[in-house]
Amino acid sequence: MPHSMAGSMSGNVQLTISEIRSVNIMELSPVLEENIKYLESLLPIKTSFDLMTRHLFLGGTKAYFLGVNGFCKTEVLQQIFSDLQNPMYVADGRVDDIVRFMDSKIGYAQTSLTDSWEQIIRNVLSGPSVLFIDGFAKAILIDVRTYPTRGIVEPDLERVTRGARDGFVETLLLNANLIRRRVRSPHLSFAMHSVGTKSKTDVAVAYLEDTVNQDLLDKLSHTLDSIQATCLTMGTKSLEELILHKHWFHPLPAMLVTERPDVACSYLLEGHILVLVDNSPLVLVLPCTIFQFTQSPEDYYKSPSVGTYLRLVRFLCIPVSLFLMPLFLLATTCFPDFSMQWGLLTDNALTPERLFFYVTGVEFLLDLFKYSSSLSSGKFSGSLSIVGGLLIGDIAVSLNWASVEVLFYAAITLLSSLSITNTEFSDAIRLYRILLLIATGFFGLPGFLTSLILVLFSIATTPTFGGFSYFWPLFPFNAKALGRLLFRSPTPKAQPVRTWDRGKVK
């Protein structure tokens with residue numbers, strides 16, 4: 001995605017942070033024409049089609065309006081313009097007091113005065129409009145913004161059979177409303193930050209003042225304010241990589257991401273911090289542990305016993321997805337007598353080299369099916385994955401390019417991977433599995449053990465924001481918290497009456 005597309009909010013209108021800060025060198029002038037000329041030197045008003053200007057007369061006083069076309073509610077602006085130019089609004093034909101004029105004549109709730117060019121430019125490029133009045137070295141900001149947005153629908157990757165069907169969208173204000181609608185606490189706050197020297201993307205930090213870890217909140221606020229980046233090209237993902245630096249050998253996700261408001265609010269009530277990014281339907285949840293990626297909202301829309309069973313099955317699918325294929329390859333190539341005794345392989349003529357080729361080939365084909373079906377249209381993705389898998393699997397066995405056993409264990413591995421609700425966590429498990437397969441195929445048992453140690457080292461050293469343990473509550477051990485994660489508790493017992501202590505922020 002080109003930076004000009006991802007970082008732009010208003011066509012060709014972009015200023016760097018140094019340019020915006022240099023705006024403060026000149027103060028607003030009480031002469032309207034001087035302010036207009038200075039605006040034209042800062043913004044491409046005469047060349048950019050999306051910049052909307054209007055010369056107005058408030059009785060006998062000249063005024064100048066500036067906004068971004070498409071960011072303003074046209075109906076509201078028309079009513080404001082009609083009211084401002086009504087002769088009854090300015091009895092003596094002049095505006096003598098701008099504060100009184102704003103408070104009594106502009107019939108709109110969100111208005112404010114400013115004498116800062118930096119604040120004017122930043123607001124105009126973000127959506128609010130500005131009104132300059134001749135004779136005053138101040139301007140009136142009128143927040144009549146509206147953003148193009150899609151409908152609120154259920155996220156594809158976090159579907160449930162029962163429960164809420166709404167999901168976050170690309171508009172920050174709507175996402176905040178979805179959270180406020182569920183958590184009507186007076187302690188709920190949304191602290192606003194601006195990230196990106198060019199895009200100036202709005203980032204909101206949501207938390208409950210009475211339960212939040214204040215040290216973690218201060219660290220997050222300081223990190224967001226000190227980020228030096230041009231723009232958040234990929235929204236939430238870009239912000240995640242900017243606030244938490246990981247090495248290439250850490251594929252596991254270090255932050256939980258959700259598109260469901262009910263999931264985000266449940267974490268919020270437990271003392272977590274939510275990070276909302278404008279233009280992104282994803283919400284970051286801090287702090288994060290590995291056990292959060294085994295949870296699913298489906299567990300809580302079932303009965304406690306059914307939810308617990310599904311959760312334990314999901315836990316079991318993680319080691320199955322990681323170890324089934326590598327252990328099959330290890331047993332059939334290094335311990336043929338054991339594999340024949342347990343019926344792991346029926347064809348004695350298969351050499352270790354051919355088995356390794358079968359396993360790696362099927363692993364690649366499964367990834368190809370999964371990737372192609374996820375990117376294809378919904379009308380074809382189901383038939384593409386099912387029919388394609390059956391045809392290619394049958395043909396591969398007929399041509400001796402694969403064996404029935406390999407296809408069987410690969411299918412179980414694929415189903416186990418799909419049962420993991422978090423796709424980023426599932427993709428990381430797949431990378432670990434490929435490493436185990438390659439090391440086992442080339443070096444046998446020593447390769448399997450060495451790669452297993454590397455995988456465990458990568459998992460154990462996965463960083464988290466704030467320096468909390470990635471394996472909490474297993475380490476440091478907290479029996480009650482671990483029980484809540486392993487077993488689906490009934491609603492009366494699962495109420496977040498207190499915040500779990502995870503130690504100090506590092």
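Residues numbered from 1 in each chain as written. Predicted model: local features only at pLDDT ≥ 70, side-chain atom pairs only at ≥ 80, totals over all residues. Heavy atoms only, no water.

### Digging into the sheet that holds strand E5 (residues 139-142)
Spatially, the five strands line up as an open sheet ordered E1-E2-E4-E5-E3, and their pairing is antiparallel. Sheet topology places strand E1 (51-58) and strand E3 (111-114) at the edges, where each strand pairs with a single neighbour. The mean angle between the axes of side-by-side strands here comes to 25°, regardless of whether they run parallel or antiparallel. Together, E1, strand E2 (61-68) and strand E4 (129-133) form the strand contacts of helix H3 (residues 32-42), whose direction differs from that of E2 by roughly 20°. (Pairing = 2+ DSSP bridges. Helix = DSSP H or I, 4+ residues; strand = E, 2+ residues; numbered from the N terminus. Axes fitted to C-alpha atoms, helices over the stretch in contact; angles between N-to-C directions. Contact = heavy atoms within 4.5 Å.)

### Looking at the environment of aspartate 367
With respect to the helices and strands, aspartate 367 occurs in helix H13 (residues 352-375). Given a relative accessible area of 21%, aspartate 367 falls into the partly exposed group. Residues aspartate 367 and aspartate 427, 60 residues apart in the sequence, show an inter-C-alpha distance of 9.9 Å. Once residues lying within four places of it in the same chain are set aside, the contact partners of aspartate 367 are Arg430 and Ile434. (Buried < 20%, exposed > 50% of the residue type's maximum accessible area, 1.4 Å probe, protein only.)

### Details of the packing of aromatic side chains
How two aromatic rings sit relative to each other is set out by the distance from centre to centre and by the angle between their planes. A full pass over the atoms with the stated rule returns twelve aromatic pairs. Ring centres of phenylalanine 293 and phenylalanine 425 lie 5.6 Å apart, and the angle between their planes is 10°; on these two criteria the pair is classed as stacked. Remark: phenylalanine 425 occurs in helix H16 (residues 423-460) and phenylalanine 293 occurs in the loop between strand E10 (283-286) and helix H11 (304-334); sequence separation between them is 132 residues. In this structure, phenylalanine 293 and phenylalanine 425 share a single accessibility class: buried. Measuring from centroid to centroid gives 6.3 Å for phenylalanine 442 and phenylalanine 443, while their planes differ by 45°, and the two rings are tilted. Like phenylalanine 443, phenylalanine 442 is exposed. Taken together, the aromatic side chains of Tyr38, Trp117 and Phe132 make up a single cluster linked through ring pairs. Positioned over the ring face of phenylalanine 465 is lysine 219, at 5.7 Å from the centre of the ring. (Phe/Tyr/Trp six-rings, centres within 6.5 Å; stacked < 30°, edge-to-face > 60°. Lys NZ or Arg CZ within 6 Å of the ring centre and 35° of its normal.)

### A word on the pairing of strand E6 (residues 188-195)
Taken together, the eight bridges between E6 and strand E7 (residues 201-208) define a ladder with antiparallel strand orientation. Residue pairing for E7: valine 195 is matched across the bridge by threonine 201. The loop that links E6 with its antiparallel partner E7 comprises five residues; one of these, glycine 196, has a positive phi angle of about 105°.

### Brief notes about the nonpolar core
Counting residues in hydrophobic clusters, the biggest one holds 40 residues, and the most contacted among them are Ile179, Leu252, Leu274, Leu276 and Phe425. Secondary-structure elements contributing two or more residues to this core are helix H7 (172-182), E7, helix H10 (261-269), strand E9 (273-277), E10, H11, H16 and helix H17 (479-486). The element that contributes the greatest number of residues to this core is H16, accounting for eight residues. Excluding residues within four positions of it along the chain, leucine 274 makes contact with Ile179, Ala204, Val205, Ala206, Ala264, Leu268, Val283, Leu284 and Val285. Formed by 24 residues, the second largest nonpolar core is a distinct cluster that contains Leu217, Leu244, Val277 and Leu286. (Core = buried A, V, L, I, M, F, W, Y, C linked by side-chain atoms within 4.5 Å.)

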